[in-house]
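So you can see what is in the structure, the chains are spelled out below.
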Amino acid sequence: MSNPVLVCVFRGINAHDTLVGVLEGFTQRREKLTTSGSLPQVVMALTPEVTFRQAVLFFTEADFVTGKTLTLQEHTYHSLQCLCFSLSVGESWRCRAESLFAYLHTGAQVLCTVLLIKPGVWSQNLAGILRNLDLEKFTLVGMKHTDLEPAVALGLLPSEVKQDPAALETHCTYLTSGTALVLCLQRPNAVKKLLDLLGPEDPKLAQALDPCLWRAQYGTSTVHNGFYGSKSYQMAVRDMKLFFPEGLCCAKCQTLEEEEV
């Protein structure tokens, strides 16, 4: 190459597939904006396995960094993706912090997430739900009944529901119609594991994908779909602070101490 390049390694949930989608959108926008070729040219590692080999080639342990703005605990799978940008710049920057290589070799972090079993579901199916949680290696570290306030119910709803006033009212009316059961669960990769078990918000779609998904088993509609699960680690921390301000009964772990939970 005639110009310097900037090599980046990204870490996140399903990083390879996610970055493929991002780059497809970037390429489409680039083609619309210019035909001069002045925007960065991008080369991406073809597979996650190639990514790791390339990362070792370009970087040392000290080059891998983490920070509070992008905590390792926010991502539940140890996934890397390497990206190379062709740039016309002569300066490079580097900061040194906690080694990501060292972190990757320690294995999956034990995290917490929140499962809310909606009104009318937990009272009839609690034994089966708890049995399934045990089979999936979740540890129950917090449990309480709660009558949701409208403002709290609103915060649990997906953004697309909030954009539809009629759907918003229907969801909030249901969530505040009775007592819900809130569980705080702990295990490695807890957030994504729980979301994978719950399946899509629409029970009909969940049924089509896999009848064993929990919303397929316990849900009847997008409103009466049985469960709410924290959709990211950031939201899990928010939910834990919201529903369990008095604390949890689990042993202290680094992730909870860092988030002051």
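For the structure, check the block above.
Residues numbered from 1 in each chain as written. Predicted model: local features only at pLDDT ≥ 70, side-chain atom pairs only at ≥ 80, totals over all residues. Heavy atoms only, no water.

A.B. asks: Sorry if this is basic, but what is going on with the overall build of the chain here?
C.D. replies: When helices and strands are counted, the chain shows 12 helices and 7 strands. Residues classed as buried in the chain amount to 43% of the 261 residues present. Residue pairs at least 24 apart in sequence account for 78% of intrachain contacts in the chain once pairs closer than 6 positions are excluded. Per element, the accessible surface of the chain, about 14,400 Å² overall, is 57% carbon and sulfur. (Helix = DSSP H or I, 4+ residues; strand = E, 2+ residues; numbered from the N terminus. Buried < 20%, exposed > 50% of the residue type's maximum accessible area, 1.4 Å probe, protein only. Contact = heavy atoms within 4.5 Å. Areas by Shrake-Rupley, 256 points an atom, 1.4 Å probe, with all protein chains shown as cover.)

A.B. asks: What am I meant to see in helix α11 (residues 233-243) here?
C.D. replies: Because the α-helix completes a turn every 3.6 residues, residues three or four places apart line up on one side. Among all positions in α11, only Tyr 233, Ala 236, Val 237, Asp 239, Met 240 and Phe 243 are buried. Projected onto a plane normal to the axis of α11, the buried residues spread over an arc of 165 degrees and lie on a single side. (Arc of directions from axis to C-beta.)

A.B. asks: Would you mind showing me how to read unusual backbone geometry here?
C.D. replies: The phi torsion of most residues other than glycine is negative, and most of the peptide bonds are trans. The phi torsion at Lys 137 lies on the positive side, around 70 degrees, for a residue other than glycine. When you line up the elements, Lys 137 lands in the loop between α4 (122-135) and β5 (139-146). The exposure class assigned to Lys 137 is exposed, which follows from its relative accessible area of 63%. Even without glycine at this site, Asn 189 takes up a positive phi of about 55 degrees. Along the chain, the position of Asn 189 falls in the loop between β6 (180-188) and α8 (190-198).

A.B. asks: I'm lost on the nonpolar core in this one. Help?
C.D. replies: Proteins that are soluble and globular tend to have nonpolar side chains buried together. Counting residues in hydrophobic clusters, the biggest one holds 42 residues, and the most contacted among them are Leu 115, Leu 116, Ile 117, Leu 133, Trp 214, Phe 227 and Phe 243. Contributions of two or more residues to this core are made by β4 (110-117), α4, α7 (165-175), β6, α8, α10 (214-218), β7 (227-229) and α11. (Core = buried A, V, L, I, M, F, W, Y, C linked by side-chain atoms within 4.5 Å.)

A.B. asks: What's the story with the packing of aromatic side chains in this structure? I'm lost.
C.D. replies: The tally for this structure, following the rule as stated, stands at 2 aromatic pairs. For the pair Trp 214 and Phe 227, a centre-to-centre distance of 5.9 Å together with 50 degrees between the ring planes defines the contact as tilted. Separated by 13 residues along the polypeptide, Trp 214 in helix α10 and Phe 227 in strand β7 bring together distant segments of the chain. Residue Trp 214 shares its accessibility class with Phe 227, and that shared class is buried. On the basis of an interplanar angle of 80 degrees and a centroid distance of 5.6 Å, the ring pair of Tyr 218 and Phe 227 is categorised as edge-to-face. (Phe/Tyr/Trp six-rings, centres within 6.5 Å; stacked < 30°, edge-to-face > 60°.)

A.B. asks: What should I look at first to understand the environment of Leu 46 in this one?
C.D. replies: Counting through the fold element by element, Leu 46 comes out in the loop between β2 (41-44) and α2 (48-58). Taking the C-alpha atoms as reference points, Leu 46 and Val 20, 26 residues apart in sequence, are found 9.5 Å from one another.

A.B. asks: Where do I start with the environment of Gly 219 in this structure?
C.D. replies: Here Gly 219 is to be found in the loop between α10 and β7. Residue classification places Gly 219 among the buried residues on the basis of a relative accessible area of 14%. Residues Gly 219 and Glu 201, spaced 18 residues apart in sequence, show a C-alpha to C-alpha distance of 9.0 Å. Sequence-distant contacts of Gly 219, that is, excluding residues within four places in its chain, are made with Pro 203, Trp 214, His 224, Asn 225 and Gly 226.

A.B. asks: Explain the pattern of salt bridges to me, please; I cannot follow it from the model alone.
C.D. replies: Oppositely charged side chains can pair when the atoms bearing their charge come close. A complete count under the given rule lists 6 salt bridges for this structure. We note a salt bridge from Asp 196 to Lys 192, for which the minimum N-O separation is 3.1 Å. Linking Asp 196 with Lys 192, this pair stays in helix α8, spanning 4 residues, or about one helical turn. For Asp 196, a relative accessible area of 38% gives the class partly exposed. Owing to a relative accessible area of 15%, Lys 192 belongs among the buried residues under this scheme. One salt bridge connects Arg 238 with Asp 239, and the closest N-O pair in it is separated by 2.7 Å. Classification of Asp 239 by relative accessible area gives buried; the value is 0%. Linked through salt bridges whose partners overlap, the residues forming this network are Glu 201, Arg 215 and Lys 231. (Salt bridge = Lys/Arg side-chain N within 4 Å of Asp/Glu carboxyl O.)

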